[in-house]
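Fold and geometry: a report
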Amino acid sequence: MYVLHYFPDTASLAVRMVLAELGVPHQARLIDRDGGALSSQAYLRLHPLGKIPAMETPDGPMFETAAMLLHLCDAHPGPMAPAPDSPERAAFLSWLFFTSTNIHPTLLHLFYPDRLAGQDCAPQVQVHARALMQTLLGNLETMTTRDTPDWLSATKPTLLGYYIAMLLRWLGSMPADHPAYFVSTDYPALHRVLAYLETRTATQTIAADEALGLTPFTHPI
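Residues numbered from 1 in each chain as written. Predicted model: local features only at pLDDT ≥ 70, side-chain atom pairs only at ≥ 80, totals over all residues. Heavy atoms only, no water.

**Looking at helix 4 (residues 89–111)**
Note the threshold: Helical segments are the DSSP runs of H or I of at least four residues, strand segments are the runs of E of at least two, and each set is numbered from the N terminus. A helix is expected to reach a length of 1.5 Å times the quantity of its residues less one. At every residue, the bend is computed as the angle between two fitted axes, covering the seven residues ending there and the seven beginning there respectively. Burial classes: relative accessible area under 20% of the type maximum marks a residue as buried, over 50% as exposed, and values in between as partly exposed (1.4 Å probe, protein chains only). Contacts: residue pairs with any heavy atoms within 4.5 Å of one another.
With 23 residues, helix 4 should reach 33 Å at 1.5 Å per residue; the first-to-last C-alpha distance of 32 Å fits that figure. At Thr99, helix 4 shows its maximal bend, which comes to roughly 30°. Burial in helix 4 covers these residues: Arg89, Phe92, Trp95, Leu96, Phe98, Thr99, Ser100, Ile103, His104, Thr106, Leu107 and Leu110. For helix 4, the elements touching its buried residues are helix 3 (65–75), helix 5 (113–117), helix 6 (122–147) and helix 7 (159–172).

Here's what the structure looks like:
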């Protein structure tokens with residue numbers, strides 16, 4: 001049995017949706033973040049940095065969003081990700097880690113610039129991070145348009161699709177004058193992926209549970 005420790009509209013969102021999409025038995029345990037659960041010894045044994053999410057699995061505890069998503073899709077083979085022996089696996093892994101090691105941390109620099117360089121340097125961090133994010137999303141859009149990969153599809157649910165949709169949700173939910181504000185319609189190929197995922201029962205079920213609205217990816221609230 002999987003046990004996902006989650007909090008609404010955090011990085012646990014993609015993991016919850018993929019778990020729902022896969023249909024595997026699991027428990028979703030809401031973290032008492034305000035009550036200090038993230039710094040408890042019990043939680044730190046699951047995630048050494050006390051961040052969200054963490055997941056208990058039959059193979060032991062896991063942390064890091066991309067690692068959990070990949071583990072789930074490898075443990076439950078199907079159309080969500082290429083199998084380890086698939087010729088598509090190399091490109092899929094490259095773009096999964098491109099997302100987790102470039103887009104995700106750059107987003108955090110836009111949202112929390114003071115964590116990187118202190119409050120005095122926050123504006124400069126955001127300027128740099130915004131320019132980098134434009135480049136990164138442009139790279140992803142170009143690849144998706146050029147290659148139309150099966151593992152980032154607008155006609156079936158995919159691991160990478162849910163991960164990217166979650167990140168674009170956060171960018172699109174910011175005020176228009178915020179450095180982190182990006183609209184998915186500026187990236188038509190990615191927008192189609194987001195729009196398709198909103199038709200999935202898994203998306204709507206988890207979005208309803210976390211009060212994210214009917215269009216959590218394309219028009220986030």
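**Side note on the nonpolar core**
Stated formally: We define a nonpolar core as any set of buried Ala, Val, Leu, Ile, Met, Phe, Trp, Tyr and Cys residues linked to one another through side-chain atoms lying within 4.5 Å.
Counting residues in each nonpolar core, the largest one holds 61 residues, and the members touching the most others are Leu152 and Leu171. Listing elements by their share of this core, those giving two or more residues are strand 1 (2–6), helix 1 (12–22), helix 3, helix 4, helix 6, helix 7, helix 8 (188–197) and helix 9 (201–209). Broken down by element, this core gets its largest block of residues, eleven residues, from helix 7. Formed by seven residues, the second largest nonpolar core is a distinct cluster that contains Phe7, Ile31, Tyr43 and Ala54.

**A closer look at the pairing of strand 4 (residues 60–63)**
Our working rule: Between any two strands, at least two bridges found by DSSP are needed for them to pair.
The pairing of strand 3 (residues 54–57) with strand 4 spans four bridges and is classified as antiparallel. Following the sheet pairing, Ala54 is matched in strand 4 by Phe63. Between the end of strand 3 and the start of strand 4, which pair antiparallel, lie two residues.

**A closer look at the environment of Glu210**
Tracing the backbone shows Glu210 in the segment after helix 9. Given a relative accessible area of 6%, Glu210 falls into the buried group. Between the C-alpha atoms of Glu210 and Glu56, which are 154 residues apart in sequence, the distance is 21 Å. With residues up to four places along the chain from it excluded, the contact list for Glu210 reads Tyr6, Pro8, Asp9, Leu13 and Arg16.

**Topic: the environment of Pro157**
Its place among the elements puts Pro157 in the loop between helix 6 and helix 7. Looking at Pro157, the relative accessible area reads 8%, which means it is buried. Counting along the chain gives 22 residues from Pro157 to Pro179, while the straight-line C-alpha distance between them is 30 Å.

**Here we look at unusual backbone geometry**
In this chain, Ile52 is followed by Pro53 through a cis amide linkage whose omega measures 10°. Tracing the chain through its elements places Pro53 in the loop between helix 2 (41–44) and strand 3. Here Glu64, not a glycine, exhibits a phi torsion of approximately 75°, which is positive. Topologically, Glu64 is positioned in the loop between strand 4 and helix 3. Residue classification places Glu64 among the partly exposed residues on the basis of a relative accessible area of 47%.

Just distances and angles here, no functional claims.
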